[in-house]
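# Chain and residue survey
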Amino acid sequence: MHISILPNKSVSRELTILVTLTNDPENGLLFVQALLFVSFAHMGDGAVWTSHRSIFCCIEGEVLAKQLATLGAKIIISARNEAELERVKKHISGKHGPEGVEILPLDLSSGEDAIGDAVEKAVSLFGGAGVDYMIHNAAFERPKSTALDVPEASLKATLDVNVMGPISLTRLLLPHMLKRGRGHFVVMSSAAGKAPAPGQAVYSASKFALNGYFHSLRSELYQKGIMVTVVCPGPIETSNAPDTSTSGQRGVREKRVSSERCAELTLVAASHGLKEAWISFQPVLAVMYLVQYMPSVGFWLMDKIGAKRVETAAQKGNTYSMNLLFGRKKE
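These figures come from a predicted structure and were not determined experimentally. (Residues numbered from 1 in each chain as written. Predicted model: local features only at pLDDT ≥ 70, side-chain atom pairs only at ≥ 80, totals over all residues. Heavy atoms only, no water.)

Our focus in this paragraph is the environment of I167. Relative to the assigned elements, I167 resides in helix 4 (residues 152-180). Sequence separation between I167 and H136 is 31 residues; the distance between their C-alpha atoms is 9.6 Å. (Helix = DSSP H or I, 4+ residues; strand = E, 2+ residues; numbered from the N terminus.)

Evaluated as defined, the whole model comprises 5 salt bridges. A salt bridge links D160 to K156; the nearest nitrogen and oxygen atoms lie 2.8 Å apart. With D160 and K156 both in helix 4, this residue pair falls 4 residues apart, about one helical turn. Close ionic contact of E276 with K194 constitutes a salt bridge, the shortest N to O distance being 2.9 Å. Taken as a pair, E276 in strand 11 (residues 276-279) and K194 in the loop between strand 7 (183-188) and helix 5 (201-221) lie far apart in primary sequence, 82 residues in all. Residue E276 is classed as partly exposed on the basis of its relative accessible area, which comes to 21%. A residue is classified by how much of its surface remains accessible, and K194, at 17% relative accessible area, is buried. (Salt bridge = Lys/Arg side-chain N within 4 Å of Asp/Glu carboxyl O. Buried < 20%, exposed > 50% of the residue type's maximum accessible area, 1.4 Å probe, protein only.)

This brings us to a nonpolar patch on the surface. On the surface, Y289, Y293, M294, V297 and W300 cluster together into a nonpolar patch covering about 540 Å² of accessible area. Sorting the residues of the nonpolar patch by element identifies helix 7 (284-293) and helix 8 (295-314) as the ones contributing at least two each. (Patch = residues over 30% accessible without salt bridge, like charges linked within 9 Å, V, L, I, M, F, W, Y side chains within 5 Å. Areas by Shrake-Rupley, 256 points an atom, 1.4 Å probe, with all protein chains shown as cover.)

With respect to the helices, strands and loops of the structure, H184 is situated in strand 7. Among the polar contacts made by the side chain of H184, one reaches the side chain of Y133 at a distance of 3.3 Å. (Polar contact = N/O pair within 3.5 Å; in protein donor to acceptor, adjacent residues only side chain to side chain.)

Turning our eyes to something else, we now look at the pairing of strand 5 (residues 133-136). Where burial is concerned, the two faces of strand 5 agree: the one with Y133 and I135 and the one with M134 and H136 are both buried. Summarising the sheet, strand 5 and strand 7 pair through 4 bridges and their orientation is parallel. Bridge pairing in strand 7 links H136 to V187. (Pairing = 2+ DSSP bridges.)

Helix-helix packing is described using two parameters, namely the angle between the two axes and the distance between the axes. Orientation of helix 3 (residues 112-128) relative to helix 4, taken along the N-to-C sense of each, is 40 degrees, at an axis distance of 10 Å. Classified by the angle their axes make, helix 3 and helix 4 are oblique. Judged by the sense of rotation from one axis to the other, the crossing of helix 3 with helix 4 is right-handed. Contact residues: helix 3 offers E112, I115, G116, V119, E120 and V123, while helix 4 offers G165, S168, L169, R171, L172, L173 and H176. (Axes fitted to C-alpha atoms, helices over the stretch in contact; angles between N-to-C directions. Parallel < 35°, antiparallel > 145°, perpendicular 65-115°, else oblique. Left-handed = near helix turned anticlockwise from the far one by under 90°. Contact = heavy atoms within 4.5 Å.)

Right, dumping it as structure tokens:
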């Protein structure tokens, strides 16, 4: 497993956080939203607003919220399902315990008016401490299929939740950050935003768009105190069931990084101000390096296995196996 980070240092400053977690599977689709508004309490170190990666069954986002609470964070959690938020709130402990957790319902696909209202509420909570770190973790992903098999409704939903929602939220929050002279966006992207992902063309496109927007945003506003950390995880274990993949397919045993480890490394990357971090096991990490540093070789490799990967996904096989390259029987 790999992540480009510096040696650990203390990140025990006090935080105020807003997290949004949503799980809404429909017709085989996994619809997930997660935002995390974070702000350091007044300890002279500034504030944090974070929004993290996809949450299936609310596991990854819940894990991240718990880890932040352990660091002394006050948390605002937000999602469409208020009952689920109440459940998460009861299970969060830490310096401020469940008493330091606020609930703020939010649907990322509801448009800028609703998102704007949520931002105004978020920055006014906890005595108007504001939001310094925002961890984006919204994702809509359908089961792997060919690019031609993606219906228009799924295409629109993917772009609305994965791209338009985070960008709208960022645009509405930025004026508050700029006014305070500081802000840090932590964007949970994907390995699919760094290399071709056969069978996930639209999802991959949405993550490439996210990377491009936030890296450009940082370049524009870095001198004004705005920082961006883009996190690109490979396959993550987002369910208690070992045979469930992030694309909602069963019968697969794929080597995945645990949600706990992904959340931990995400916090380390953010606390060190990294501009980009990769979190994955092999062979995904190797493919990312090839595409980054030897693109001709990387693209040749993906062209060689692309059709096989789509076929393997349809058969509910291991879509991250080296056997795709060597043509062995699927696992």
